[in-house]
Amino acid sequence: MTSTDPTVLPDPWQSLHQLLAAMDAEIEQVYVERGIKGVRPRFAYPLIRLAHTGPLTIRELAESLNRSHSAISQTVAAMRKEDLVTSEPGPDARTRRINLTERGRSLVPFLEAEWRATHATVAELDGEIPHAMTAVVEEVRRALEHRSMRERILHHLTEPLQ
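A quick note: this is a predicted structure, and the numbers were derived from the prediction, not measured.

Remarks on unusual backbone geometry
Next up, step 1: At Asn66, a residue that is not glycine, the phi angle is positive and equals roughly 55°.
Next up, step 2: Its location among the elements puts Asn66 in the loop between α3 (58-65) and α4 (69-81).
Next up, step 3: Judged by relative accessible area, Asn66 falls into the exposed class, the value being 70%.
Next up, step 4: Here Asp83, not a glycine, exhibits a phi torsion of approximately 60°, which is positive.
Next up, step 5: Tracing the chain through its elements places Asp83 in the loop between α4 and β2 (85-89).

Notes on the sheet that holds strand β1 (residues 56-57)
Next up, step 1: Spatially, the three strands line up as an open sheet ordered β1-β3-β2, and their pairing is antiparallel. Whereas interior strands pair on both sides, the edge strands pair on one side only; in this sheet they are β1 and β2.
Next up, step 2: Note that β1 and strand β3 (residues 96-100) share two bridges and pair antiparallel. When the bridges of β3 are listed, Thr57 appears paired with Arg97.
Next up, step 3: Of the strands in this sheet, β2 and β3 are in contact with α4, which crosses β2 at around 115°.

Points about helix α5 (residues 102-128)
Owing to its 3.6 residues per turn, the α-helix aligns residues three or four sequence positions apart on the same side.
Next up, step 1: Helix length check: α5, at 27 residues, gives a terminal C-alpha distance of 40 Å against a target of 39 Å (1.5 Å per residue), a fit within 8%.
Next up, step 2: Remark: the principal bend of α5, roughly 40°, maps to Val108, with a proline, Pro109, within the next four residues.
Next up, step 3: Gly104, Leu107, Val108, Leu111, Glu112, Glu114 and Asp126 are the residues of α5 that are buried.
Next up, step 4: Where the residues of α5 are buried, they touch α1 (14-33), α2 (41-53), β3 and α6 (133-146).

So, the side chain of Thr75
Next up, step 1: By the secondary structure assignment, Thr75 is in helix α4.
Next up, step 2: Residue Thr75 is classed as buried on the basis of its relative accessible area, which comes to 6%.
Next up, step 3: Within the structure, the side chain of Thr75 is placed 3.0 Å from the side chain of Arg42, a separation counted as a polar contact.
Next up, step 4: Once residues lying within four places of it in the same chain are set aside, the contact partners of Thr75 are Arg42, Phe43 and Pro46.

Things to note about the pattern of salt bridges
Next up, step 1: Overall, the coordinates contain five salt bridges when judged by the stated rule.
Next up, step 2: Taking the shortest distance from any N to any O, the salt bridge between Arg142 and Glu138 comes out at 3.6 Å. On the criterion of helical spacing, the pair formed by Arg142 and Glu138 is a turn pair, its members being four residues apart in helix α6.
Next up, step 3: Take Glu138: its relative accessible area is 29%, and that puts it in the partly exposed class.
Next up, step 4: Of the charged contacts, one joins Glu145 and Arg141 as a salt bridge, the two residues approaching to 2.2 Å between their closest N and O atoms. Of this pair, Glu145 and Arg141 both sit in helix α6, four residues apart, which is roughly one turn of the helix.
Next up, step 5: According to the relative accessible area criterion, Glu145 is exposed, its value standing at 58%.
Next up, step 6: Because the salt bridges share partners, they merge into one network encompassing Glu138, Arg141, Arg142 and Glu145.

What counts and what doesn't
Residues numbered from 1 in each chain as written. Predicted model: local features only at pLDDT ≥ 70, side-chain atom pairs only at ≥ 80, totals over all residues. Heavy atoms only, no water. Helix = DSSP H or I, 4+ residues; strand = E, 2+ residues; numbered from the N terminus. Buried < 20%, exposed > 50% of the residue type's maximum accessible area, 1.4 Å probe, protein only. Pairing = 2+ DSSP bridges. Contact = heavy atoms within 4.5 Å. Axes fitted to C-alpha atoms, helices over the stretch in contact; angles between N-to-C directions. Expected span 1.5 Å × (residues − 1). Bend = angle between axes of the 7 residues up to and from the residue. Polar contact = N/O pair within 3.5 Å; in protein donor to acceptor, adjacent residues only side chain to side chain. Salt bridge = Lys/Arg side-chain N within 4 Å of Asp/Glu carboxyl O.

Written as structure tokens, this is what we have:
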């Protein structure tokens with residue numbers, strides 16, 4: 001154990017996590033106001049994609065959304081509980097194909113409209129603030145391509161003496 005607790009310092013990620021959670025909560029509130037229960041904002045992307053591609057394996061869906069297999073597997077499990085998707089045996093014993101249920105399919109037109117409205121909202125916000133969120137994210141991505149997060153952490157890492 002070190003002499004001071006580093007977690008007493010402000011968490012540099014906290015404001016970003018809180019902002020994203022608050023924005024997701026407001027999107028979810030739009031769903032609730034429209035009478036759509038049990039649908040989370042993170043469901044929109046895979047549901048819309050499945051509507052346009054037809055059934056996909058979790059791996060195919062994850063790749064098409066540029067998300068991790070684990071994240072999409074968890075999202076699919078949550079969507080299955082809400083009767084938005086089904087899974088059926090895939091081409092081999094290890095894979096399952098994910099498909100929309102009737103309920104999932106019926107929500108896609110609204111989710112597409114919400115998706116477009118959310119993108120318009122982000123563009124509106126980008127115009128109202130001195131440093132557009134989308135530009136800042138791109139600048140951070142480029143900086144990390146130049147020198148990765150891992151490299152930066154290792155540069156600052158001082159391991160305790162044994």
